[in-house]
Amino acid sequence: MSHGSSGDTHSDLSGAAGHVVQARDVRGGVHFHDRGRNRNPPPQQLPGDVHGFVGRAQELLRLDAMLSDDPGRPFETRIIAVTGTAGVGKTSLAVHWSHMIRGRFPDGQLYVNLRGYDPGLPVSPDQALDRFLRALHIHQSALPVDTEARSALLRSLLADRRMLVVLDNASTVRQVRPLLPGTAQCLAVVTSRNRLSGLVARDGARRLGLDMLPEEDAIRLLRVTTADYRDEDDPADLTELARLCARLPLALRIAAERAASRPRMPLSELIRDLRDESAQWDALSAENGEEADAVRSVFAWSFRAFPEEPARLFRLLGLHPGSEFGPAAAAALANTTVAHARQLLDALVGAHTLEQIQHDRYQFHDLLRAYATQQARHEETEEDRREALRRVLEWYLHTAGRATAAASLIHRRVQLDEPVPGVQPLDFQDRADATRWYARERQNLSEATALAASLGFHRLAWQLPAVLRGFFVQQNPFEDWFATSRTGLESARQLGDRHGEAELLASLGQASRQSHRLADAVAYQTRALEIWREIGDTLGAAISANGLGLIFQRTRDLTRAREHYEQSAAAFEELGDEQYAAIVRSNLGATCLDAGLLDEAETCLEQALAVLRAGGNRVYEAYTLGRQSRLQRERGRPAEARESAESMMEVARDLENQVLEGQACIQLGHSQRMVGDHGQALISFQRSATLHRQLGDENREALALSGAGEAFQDLGRLDEAVDFLRRAAAAHRKLGDAWQLALALDRLAVAVEGTGAVGQAREYWREARDLLGGFGDRKAAALLDRVTAALG
């Protein structure tokens, strides 16, 4: 169940209060700025350094030369592109060099594998930005909606920091550009098979092209990897083995591991086997390049030496929906225990065919994943492949169901069938454990939904996004939310499953509302409500009616909002669900407050607050306290209003919930104004405005700026009041919020008139009058009367 109101100021805040920059001190625009240092630990996302790194001395010197000698000065270039063919060692060089220079970046490192050439879906800029912003301690519920806003927020956060950003395996400039820092205090290192010419030409990147290892370094890599296992091999044999591997580090390491695992076999025999394998590949794929053929030959040669169990797991992992996975997902694919899967994974890691990136987390090189997928198609029957995929997809579904339950997310549960044999879903200790699992598996869950639909597992395909809705609502991963829910909706329709169809329509309605696509939100929720009523699902109808109430409240269609809230509350009361009913009563109270129906608002809010407190629902208790503070201000009860706002702030801090704290800051600021504590009010509004700017929430920043403008107006500092109110009005105009714009224009007109600019004040009032004609509620009518009177 969600909450919301056009009059509420839900937001997500973090950081320190108390660094107030007065408007009179600002030049070149009006700003709040928090100069306090970030108290959160800096991100340290680099993968582990490459064990046994060999060679590339000249390339390392060239990279060093691209940096300034003075660690405190800006870098000569802010972007370095490391390019070259597949398997040439781009990632190894970038990661190794990044570890060498990490001391020059005291604010930490960000790393993402963009999977630009992976057989599965690449990581989109939006997904990468989501990961980076969370790593920089932006609260999940306050991430900006669109990619452009997220990119701007990332640049803002990095502007005053000295950070290293590694963008690995990029396929295009478009994938990279939104992730780049905006200043030369930070350095971005990009690896790609693409030459990234646009990045060089437009963004000033410096390119370092990697070729195959020199013969001497290739032989040294073979020697370093095999030294502890074999006697000295013939230099001529080492040279020939390096040639057969095309002197590519990926192929060299796999070949060396094969040699190390057979210390008594002469290297010449291993070379003969590899040469035979190469001849087969030459005959089968003569159109491909020499390097690609060499790598495939080494893969096939190494793969033939695997025992059957690890070889089969290697193949099946090529089918996994996503290139990262844990041992439990591997166990589901192979129909074995998690403990046995770990043993098999260790064998694959030891053979350099799989990389362990952290405890219980593994990934393929994209070339090896493509080879594993090819082997699965050749060696496994279609029936065996489908059964393996069914197991792993059900593992994701049932584990997601348990994660949602453990996280105690307020959302109706999806009734799941018993999992097929061989599926062992994970259990979770608490909400934090479940949320960490979702964060790790987020991309896999998205790919699993698409894969289930493509295989005709349509029940799985609609249930996965339906189960995940609780996480979606809390974290706003809009790209995943829309993509999986649209896939699920189509699958439900393929099955003729009306319950599933309504679930996904309602989810899409909520996604549209939370991403400010309100026309789409009305269409989705209206259709969902129709289906719930047709199939007699009272609970579903109650949830969708509340969802429509929230949308109409946001668009200030207050009559329809009230109608839907009343229907929803009555349905929840009929079902005996007091907590849901109280949440809706709180929403109804906020709508009555917006409409100026203060008696009805007070009754609704008092009833809701009592039930929510009795049920221990502290989050919605806090939202209701904020609404109560607004009501008490309008009733002329300033001491009570301040007490309610302070109680809301206390709950927010107890829960460490920054969204609640954000709303509390604005409510507290207005109540402080009302009792004449204007200095403290400015601190409250400053905290809100600064942090909302960091979070990319322009609407809530504008509300905070408007509050600050009113506080300056209370103090008689009209020039500063005008600056802040103009900026708030500009933001509301940009966002298309006609009601908030009308309010801001009225406040601005009053302030401007106070400075003597009567003609300009009348222009603002005329614009406000035109906007107010579109609203029919009591409060809008009163404001229209006042504006009309001001115009004479």
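Values in this document were obtained by computation on a predicted structure and should not be read as measured data.

1. Details of the overall build of the protein chain
Across its full length, the protein chain holds 34 helices and eight strands. A burial count over the protein chain gives 57% of its 792 residues as buried. Across the protein chain, the fraction of contacts at a sequence separation of at least 24, relative to all contacts at a separation of at least 6, is 70%. When the accessible surface of the protein chain is totalled, it reaches about 31600 Å², and 47% of it is carbon and sulfur.

2. Description of the sheet that holds strand 7 (residues 355-358)
The strand order across the open sheet built from three strands is 6-8-7, with neighbouring strands paired in antiparallel fashion. Edge positions in the open sheet fall to strand 6 (324-325) and strand 7, since each of these has one partner strand only. In terms of strand pairing, strand 7 meets strand 8 (residues 361-363) through three bridges, oriented antiparallel. Each residue of the ladder has a partner; that of Gln 356, found in strand 8, is Tyr 362.

3. Examining the packing of aromatic side chains
Per the counting criterion, the structure on display carries 15 aromatic pairs. Pairing Phe 325 with Phe 364 gives two aromatic rings, centres 6.0 Å apart and planes at 65°, and the pair type is edge-to-face. Of the two residues, Phe 325 is situated in strand 6 and Phe 364 in the loop between strand 8 and helix 15 (366-379); the sequence distance between them amounts to 39 residues. In this pair, the class of Phe 325 matches that of Phe 364, namely buried. When the centroid spacing of 6.5 Å and the interplanar angle of 35° are considered together, the rings of Phe 478 and Phe 482 count as tilted.

4. Re helix 8 (residues 235-244)
Three or more residues of helix 8 are buried, namely Leu 238, Glu 240, Leu 241, Ala 242 and Leu 244. In the stretch just after helix 8, Ala 246 is the one whose phi turns positive, near 55°.

5. Description of the nonpolar core
Ranked by internal contacts, the top residues of the largest apolar core, which has 154 residues, are Trp 97, Leu 187, Phe 314, Leu 317 and Trp 437. At 10 residues, helix 18 (residues 458-475) tops the list of elements feeding residues into this core. Residues within four places of Leu 187 in sequence aside, it is in contact with Leu 67, Phe 75, Thr 77, Arg 78, Ile 79, Ile 80, Trp 97, Ile 101, Phe 105, Met 163, Leu 164 and Val 165. Ranked by size, the runner-up nonpolar core spans 37 residues in total, among them Ala 689, Phe 724, Tyr 764 and Val 787.

6. Here's the deal with helix 2 (residues 90-101)
Here helix 2 contains 12 residues, and its C-alpha end-to-end distance of 17 Å stays within 8% of the 16 Å for a straight helix at 1.5 Å per residue. With respect to burial, helix 2 is a largely interior element, nine of its 12 residues being buried.

7. Considering the pattern of salt bridges
In total, this model carries 51 salt bridges according to the counting rule given. Where Arg 642 meets Asp 677, a salt bridge forms, and the shortest distance between an N and an O atom there is 3.4 Å. Of the two residues, Arg 642 is situated in helix 27 (residues 638-655) and Asp 677 in the loop between helix 28 (658-674) and helix 29 (678-695); the sequence distance between them amounts to 35 residues. Here Arg 642 falls in the partly exposed class, since its relative accessible area comes to 21%. Notably, a salt bridge pairs Arg 769 with Asp 770, separated by 3.8 Å at the nearest N-O pair. On the basis of relative accessibility, which here comes to 33%, the residue Arg 769 falls in the partly exposed class. By relative accessible area, which is 57% here, Asp 770 ends up exposed. Overlapping salt bridges, with partners in common, bring together Asp 126, Asp 130, Arg 134, Arg 150, Arg 442 and Asp 480 in one network.

8. Topic: the confidence of the model for the protein chain
Caution applies to low-pLDDT parts of the model: their predicted coordinates are not meant to be read in detail. Confidence in the prediction for the protein chain averages 86 pLDDT; 90% of positions are at 70 or higher. The low-confidence segment residues 1-38 (pLDDT under 50) makes 138 contacts with residues lying over four places distant or belonging to another chain. Long-range and interchain partners of residues 280-288, a stretch whose pLDDT sits below 50, account for 12 contacts in this model, where long-range means more than four residues apart.

9. Details of unusual backbone geometry
Most peptide bonds take the trans form, and the phi angle of most residues other than glycine is negative. Positive phi values are uncommon outside glycine, yet His 137 reaches one of about 70°. Even without glycine at this site, Arg 556 takes up a positive phi of about 60°. Mapping Arg 556 onto the fold places it in the loop between helix 22 (538-554) and helix 23 (558-575).

10. A closer look at the pairing of strand 2 (residues 109-113)
The side chains of a regular strand alternate, first on one face of the sheet and then on the other. Burial analysis of strand 2 places five of its five residues in the buried class, which makes it a mostly covered element. Neither face of strand 2 is open: one carries Gln 109, Tyr 111 and Asn 113, the other Leu 110 and Val 112, and all of them are buried. Where strand 2 and strand 3 (residues 164-170) come together, five bridges link them in parallel fashion. Residue pairing for strand 3: Tyr 111 is matched across the bridge by Val 166.

11. Quick notes on the packing of helix 30 (residues 698-714) against helix 32 (residues 738-754)
Packed helices, taken two at a time, are described by the angle their axes make and the gap between the axes. Where helix 30 contacts helix 32, the axes come no closer than 11 Å and their chain directions differ by 20°. The pairing of helix 30 with helix 32 is recorded here as roughly parallel in orientation. Crossing of helix 30 against helix 32: the hand is left-handed. Only Gln 740, Arg 747, Val 750 and Ala 751 of helix 32 make contact with helix 30, whose side of the interface consists of Leu 703, Ser 706, Glu 710 and Gln 713. Tallied by class, the residues present in the contact of helix 30 with helix 32 amount to three nonpolar, three polar and two charged.

12. Describing the sheet that holds strand 1 (residues 79-83)
Spatial strand order, 2-3-4-1-5: five strands in an open sheet with parallel pairing. Taken across any chain shown, the strands that pair with only one partner, and hence form the sheet edges, are strand 2 and strand 5 (206-209). Strand-to-strand twist across the sheet, computed as the mean angle between neighbouring axes with direction ignored, equals 15°. Judged from the five bridges that link them, strand 1 and strand 4 (residues 187-192) form a sheet pairing that is parallel. Residue pairing in the sheet places Thr 83 in a bridge with Ser 192 of strand 4. Across the sheet, helix 2 is in contact with strand 1, strand 3, strand 4 and strand 5; its angle to strand 4 comes to roughly 165°. Against the sheet, helix 3 (residues 125-135) contacts strand 2 and strand 3, and its axis sits at roughly 155° relative to strand 2.

13. Some words on the state of the cysteines
Counted according to the given criterion, the structure contains zero disulfides. With no disulfide partner, Cys 592 has as its closest neighbouring cysteine sulfur the one in Cys 604, 5.0 Å distant. Under the relative-accessibility criterion, Cys 592 is labelled buried at 2%.

14. Describing the side chain of Gln 127
Take Gln 127: it is sitting in helix 3. Looking at Gln 127, its side chain comes within polar contact range of the main-chain nitrogen of Ser 124, at 3.0 Å. Those residues in contact with Gln 127 that sit more than four places away from it in its chain are Pro 122, Arg 442, Gln 443, Glu 479 and Asp 480.

15. A short note on the environment of Ala 260
With respect to the helices and strands, Ala 260 occurs in helix 9 (residues 249-260). Through-space distance from the C-alpha of Ala 260 to that of Thr 225 is 7.6 Å; in sequence the pair is 35 residues apart. Every residue in contact with Ala 260, bar those within four places of it in the chain, is listed here: Thr 225, Thr 226, Tyr 229 and Arg 230.

Parameters and conventions
- Residues numbered from 1 in each chain as written.
- Predicted model: local features only at pLDDT ≥ 70, side-chain atom pairs only at ≥ 80, totals over all residues.
- Heavy atoms only, no water.
- Helix = DSSP H or I, 4+ residues; strand = E, 2+ residues; numbered from the N terminus.
- Buried < 20%, exposed > 50% of the residue type's maximum accessible area, 1.4 Å probe, protein only.
- Contact = heavy atoms within 4.5 Å.
- Areas by Shrake-Rupley, 256 points an atom, 1.4 Å probe, with all protein chains shown as cover.
- Pairing = 2+ DSSP bridges.
- Phe/Tyr/Trp six-rings, centres within 6.5 Å; stacked < 30°, edge-to-face > 60°.
- Core = buried A, V, L, I, M, F, W, Y, C linked by side-chain atoms within 4.5 Å.
- Expected span 1.5 Å × (residues − 1).
- Salt bridge = Lys/Arg side-chain N within 4 Å of Asp/Glu carboxyl O.
- pLDDT = per-residue confidence, 0-100.
- Axes fitted to C-alpha atoms, helices over the stretch in contact; angles between N-to-C directions.
- Parallel < 35°, antiparallel > 145°, perpendicular 65-115°, else oblique.
- Left-handed = near helix turned anticlockwise from the far one by under 90°.
- Nonpolar A, V, L, I, M, F, W, Y, C, P; charged D, E, K, R; others polar.
- Disulfide = S-S within 2.5 Å.
- Polar contact = N/O pair within 3.5 Å; in protein donor to acceptor, adjacent residues only side chain to side chain.

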